[in-house]
Amino acid sequence: MKIYIAYTGGTIGMVPSDQGLIPDAAFADHLTQHLNESDELAHDFVIASYPTLIDSSNATPKDWQTIGRDIESKWHDFDAFIVLHGTDTMAYTSAALSFMFANSEKPIIVTGSQVPMYKVRTDAMINVMGAISACEELNGEKNRSGVFLFFAGRLIEGDRAHKAHTSDWQAFSSPNCPERGLLGIDWRWRSTDVVKQPMTIQIPDMDEGAVTILPVFPGVKVAHWQGLLSENVKGAVLLSYGAGNAPDKDPALLALLKAATDRGVVIVNVSQCGAGSVAEGAYAAGSALVKAGVISGKDMTYEAVFAKLHFLIGSGLTHQEILRRF
Ligand code: ASN
C-alpha cells in the first residue's frame, strides 16, 4: 500500500526550545527511520514535512485548505493519507477535511500526540501505528472508508471529534456518535449499514474572517457580541446553554441576532454542554433564538459547525443553500 504522511506541525514532532516546545523540521527524517526499522510494515511511505510547521493553535482555515489541496494533488498516487497535526485544533481540521473529501473512498486519518516523539514516554508511535493500521484495514473498502481522527485507540468520524482532555492520553471524545473502530490488541468495528453517496472532492478558497463564535454567558450584552458580528462575517456558531437556550429578556441582544440573520449571516445554535443535542424551541428562551433566525446545529460539535460554515461559505453557496445544507 502507498501511504502519504504529511507532517503539518504539532507536539508529535516537537523539540524543546528556550520558549517551550516547537515543531522540528527534522521530524520527517526521524519518523522515516522509525518506520523503516520495522520489518512488519511492508508499505511505501512518503513522509513530507510542510515548509512552515506550526503549533496547531496557529492554524487557520487557510491551513485546512493547504492540507486539502495537498491531499487532492496526490489523490491518484496514494492509497491512504495520514495527516500529523497538533491536537489543539485537530478536531476542526478533521471536520474540515471530512467536508472537503465527502464520502471519501480512501482513508484520510488525522492524528498526533500528547507527548513528543523524542520523549521516552510518548504516545507518538502508538498513534502513528494505529493510524497506519486503520489505513490497512480500510484500504480498498470504499464503503467503509472516510475521514477519521485516530487517537489513543479510537477511530472517530472526522466531523464528530472534540478535544476533551488537556493531558489524558485519551485527548479526544466522540460525544454524540459511537467511534467507528476501537483498537486494542485487535480492532473492534462498529458496523455501518449506511449506503454511501458518491465521493466528492471540493477544496474551497477559505476566507479566514468569514465565521465567528458567539459565546453565551451570564450577563452577556450586545457590546460583547457587536465586535464579533462585524460586517464581513457570514456565519456564526452560537454557543448556547443546555438544549439550546440563551437569555430572552434582553431585546437588544435578540435584535442584534435578528439584524445579522436578516442581512444573511447564518447563525447556528450549538450547546455548550459536552454532549447531547439542541432541541429548538423546547423552552421560551430557545424559541426567541428561532424567531431571531438562528438555526439548530442539532448534535454537532462546535468544531464541526465552525468548519462546515467555513466550507459552505467558502464554496460560494447562497444563504438559502447554506441553510438547506445544515
Ligand atoms: N499545542 C500543540 C498543538 O496543537 C498540542 C499538541 O499537539 N498536543 O500543536
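Please read all numbers here as calculations on a predicted model, not as lab measurements.

**Student:** What is the right way to look at the overall build of the protein in this model?
**Tutor:** Counting secondary structure elements, the protein contains 9 helices and 18 strands. Expected size for 326 residues packed as a compact globule is a radius of gyration near 20 Å; at 20 Å, the protein falls within 12% of this value. Expressed as lengths along the three principal axes of its C-alpha atoms, the size of the protein is roughly 65 × 50 × 35 Å. When burial is assessed residue by residue, the protein has 50% of its 326 residues classed as buried. Counting contacts in the protein only where the partners sit at least 6 residues apart, residues at least 24 apart contribute 73% of the total. When the accessible area of the protein is evaluated, it comes to approximately 14600 Å², of which 52% is carbon and sulfur surface. The averaged location of the 36 negative side-chain charges in the protein is 8 Å from the averaged location of its 26 positive side-chain charges.

**Student:** Would you explain the UniProt feature "domain: Asparaginase/glutaminase C-terminal" (unreviewed entry) in the protein in this entry?
**Tutor:** UniProt records the feature "domain: Asparaginase/glutaminase C-terminal" (unreviewed entry) at residues 211–325, using the numbering of this structure. Here residues 211–325 runs as 39% helix and 17% strand, with 16 Å between its end C-alpha atoms.

**Student:** How do you make sense of the pairing of strand β2 (residues 14–17) when you look at a structure like this?
**Tutor:** Bridging between β2 and strand β3 (residues 20–23) involves 4 bridges; their strand directions are antiparallel. Residue Ser 17 lies in a different strand from β3, and its bridge partner there is Gly 20. Between the end of β2 and the start of β3, which pair antiparallel, lie 2 residues.

**Student:** Teacher, can you tell me more about the sheet that holds strand β1 (residues 2–9) here?
**Tutor:** Pairing between sheet strands relies on hydrogen bonds along the backbone, with the strands arranged either parallel or antiparallel. With mixed pairing, 8 strands are arranged side by side in an open sheet as β4-β1-β5-β7-β8-β9-β12-β13. The open sheet terminates on both sides in strands that have one partner only, identified here as β4 (44–54) and β13 (187–189). Direction aside, the axes of adjacent strands within the sheet are offset by 20° on average. Across the face of the sheet, helix α3 (residues 90–100) comes into contact with β5 (80–84), β7 (108–111) and β8 (147–151) while running at roughly 155° to β8.

**Student:** Can you help me understand the UniProt feature "binding site: substrate" (unreviewed entry) in the protein in this one?
**Tutor:** Those residues carrying the UniProt feature "binding site: substrate" (unreviewed entry) are Ser 56, Thr 87 and Asp 88 in this numbering. Over a stretch of 33 residues, the named residues converge on one spot in the fold, their C-alpha atoms separated by at most 6.9 Å. The contacts of Ser 56, once residues within four sequence positions are left out, are His 85, Gly 86, Thr 87, Asp 88 and Thr 89. Looking at the secondary structure, you find Asp 88 in the loop between β5 and α3. On the basis of relative accessibility, which here comes to 40%, the residue Asp 88 falls in the partly exposed class.

**Student:** I'm lost on the nonpolar core in this one. Help?
**Tutor:** Within soluble globular proteins, side chains that are nonpolar generally end up buried alongside one another. Among the nonpolar cores identified, the biggest contains 77 residues, and Leu 31, Ile 82, Leu 84, Leu 97, Met 100, Phe 101 and Ile 109 are the most heavily contacted of them. Discounting residues that sit within four places of it in the chain, Phe 101 has contacts with Gly 68, Ile 71, Glu 72, Trp 75, Ile 108, Val 147, Met 199, Thr 200, Ile 201 and Ile 203.

**Student:** Explain the state of the cysteines here, please?
**Tutor:** In protein structure, a disulfide is the covalent linkage between the sulfur atoms of two cysteines. Tallying each qualifying case throughout the model produces 0 disulfides. Between Cys 135, a free cysteine, and Cys 177, which holds the nearest cysteine sulfur, the sulfur-to-sulfur gap is 19 Å. Free of any disulfide, Cys 273 has its nearest cysteine sulfur in Cys 177, 18 Å distant.

**Student:** Honestly, the site of the ligand in this entry has me stumped. Any pointers?
**Tutor:** Taken together, Gly 10, Thr 11, Asp 55, Ser 56, Gly 86, Thr 87, Asp 88, Ser 113 and Gln 114 make up the full set of residues near the ligand. Contact distances for the ligand include 3.0 Å between a nitrogen atom and a side-chain N or O atom of Asp 55. Side-chain polar atom of Thr 87 to a nitrogen atom of the ligand: 2.8 Å apart, as the coordinates give it. In isolation the ligand has 270 Å² of accessible area, and contact with the protein removes 91% of it.

**Student:** Even after reading the chapter, I still don't get the side chain of Thr 89, so can you show me in this structure?
**Tutor:** The topology assignment puts Thr 89 in the loop between β5 and α3. Assessed through its relative accessible area of 14%, Thr 89 is described here as buried. Within the structure, the side chain of Thr 89 is placed 2.7 Å from the backbone oxygen of Ser 56, a separation counted as a polar contact. Look past the residues within four positions of Thr 89 in its chain and what remains in contact with it is Ser 56, Ser 57 and Ala 59.

**Student:** For this particular structure, what's the right way to read the packing of aromatic side chains?
**Tutor:** Two numbers describe a pair of aromatic rings. These are the distance of the centres and the angle of the planes. Within this structure, the stated rule accounts for 13 aromatic pairs. Residues Tyr 92 and Phe 306 carry aromatic rings whose centres are separated by 5.6 Å and whose planes lie at 85° to one another, so their mutual orientation is edge-to-face. Separated by 214 residues along the polypeptide, Tyr 92 in helix α3 and Phe 306 in helix α8 (residues 302–314) bring together distant segments of the chain. Take Tyr 92: its relative accessible area is 18%, and that puts it in the buried class. Of the residues examined, Phe 306 reaches a relative accessible area of 13% and is grouped as buried. For the pair Trp 187 and Trp 189, a centre-to-centre distance of 4.6 Å together with 20° between the ring planes defines the contact as stacked. The buried category is assigned to Trp 187, whose relative accessible area is 13%. Residue classification places Trp 189 among the partly exposed residues on the basis of a relative accessible area of 28%. Ring pairs connect the aromatic residues Tyr 4, Trp 75, Phe 78, Phe 81 and Phe 101, which therefore count as one cluster. The lysine or arginine in question, Arg 144, covers the ring of Trp 189, its NZ or CZ lying 4.7 Å from the ring centre.

Rules behind the numbers
- Residues numbered from 1 in each chain as written.
- Predicted model: local features only at pLDDT ≥ 70, side-chain atom pairs only at ≥ 80, totals over all residues.
- Heavy atoms only, no water.
- Helix = DSSP H or I, 4+ residues; strand = E, 2+ residues; numbered from the N terminus.
- Rg over C-alpha atoms; globule rule 2.2 N^0.38 Å.
- Buried < 20%, exposed > 50% of the residue type's maximum accessible area, 1.4 Å probe, protein only.
- Contact = heavy atoms within 4.5 Å.
- Areas by Shrake-Rupley, 256 points an atom, 1.4 Å probe, with all protein chains shown as cover.
- Lys, Arg positive; Asp, Glu negative; His and termini not counted.
- Charge placed at Lys NZ, Arg CZ, Asp CG, Glu CD.
- UniProt positions renumbered as here; feature names shortened; annotations may be inferred.
- Pairing = 2+ DSSP bridges.
- Axes fitted to C-alpha atoms, helices over the stretch in contact; angles between N-to-C directions.
- Core = buried A, V, L, I, M, F, W, Y, C linked by side-chain atoms within 4.5 Å.
- Disulfide = S-S within 2.5 Å.
- Near = heavy atom within 4 Å.
- Polar contact = N/O pair within 3.5 Å; in protein donor to acceptor, adjacent residues only side chain to side chain.
- Phe/Tyr/Trp six-rings, centres within 6.5 Å; stacked < 30°, edge-to-face > 60°.
- Lys NZ or Arg CZ within 6 Å of the ring centre and 35° of its normal.

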